Amino acid sequence: MQQLIWRLVATKRAYQLQREFKEIDKLMGGLSNAARLQLATLTQKEFSAAAKSEFPHLYATPPEQRYSAWGSGTDIGLSRARSDNLPVRLRGIALWLTVAYHETRGTTLPALDGVHRSLLRALRFLREAAPAATAESWFSSEQAA
């Protein structure tokens, strides 16, 4: 019974993340090349900071929410990504991508695995926008984490 409940919760979360990802992806698609480059740099910094965290999937989550089913990093990132202010929007997208990546990484549930694959495509899109040296350092530090 407990596994069934966990699967239902995970499926609901996967649906929520997929819906949010569509919005993030649309926001990323509307960025200029210069903004994409800034986003790639910010995302690299967020990944680096999250990798140093004890629980990367709870990155940006206030300590009092540490024991919830998932953190609030994606909520914070999405609210910032909806901002009219470009620097705030870029920081929000970078935060959302980072937390969602760590939350879905290594999952065994098919619904969350689909979200993770979508995130990998988005990260590849950013990697292609970044200069070669930046992209290499980003992904080599991520693999080490």
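Scoring rules and cut-offs
Residues numbered from 1 in each chain as written. Predicted model: local features only at pLDDT ≥ 70, side-chain atom pairs only at ≥ 80, totals over all residues. Heavy atoms only, no water. Axes fitted to C-alpha atoms, helices over the stretch in contact; angles between N-to-C directions. Helix = DSSP H or I, 4+ residues; strand = E, 2+ residues; numbered from the N terminus. Parallel < 35°, antiparallel > 145°, perpendicular 65-115°, else oblique. Left-handed = near helix turned anticlockwise from the far one by under 90°. Contact = heavy atoms within 4.5 Å. Nonpolar A, V, L, I, M, F, W, Y, C, P; charged D, E, K, R; others polar. Buried < 20%, exposed > 50% of the residue type's maximum accessible area, 1.4 Å probe, protein only.

Draft legend 1. Inspection of the packing of helix α1 (residues 2–29) against helix α3 (residues 73–81) at higher detail. Across the interface, α1 lies against α3 with an axial gap of 11 Å and an inter-helix angle of 30°. Of the possible angle classes, the one that applies to α1 and α3 is roughly parallel. Like other packed secondary-structure pairs, α1 and α3 cross with a definite hand, here left-handed. Residues Arg13, Gln16, Leu17, Glu20, Glu23, Ile24 and Leu27 of α1 form the contact with α3, whose own contacting residues are Thr74, Asp75, Leu78 and Ala81. A breakdown of the residues in the contact of α1 with α3 according to their chemical character gives five nonpolar, two polar and four charged.

Draft legend 2. Broad picture of the side chain of Thr104. One can find Thr104 in helix α4 (residues 86–104). Here Thr104 falls in the buried class, since its relative accessible area comes to 0%. Sequence-distant contacts of Thr104, that is, excluding residues within four places in its chain, are made with Leu17, Leu112, Val115, His116 and Leu119.

Purely geometric numbers; function is a separate question.
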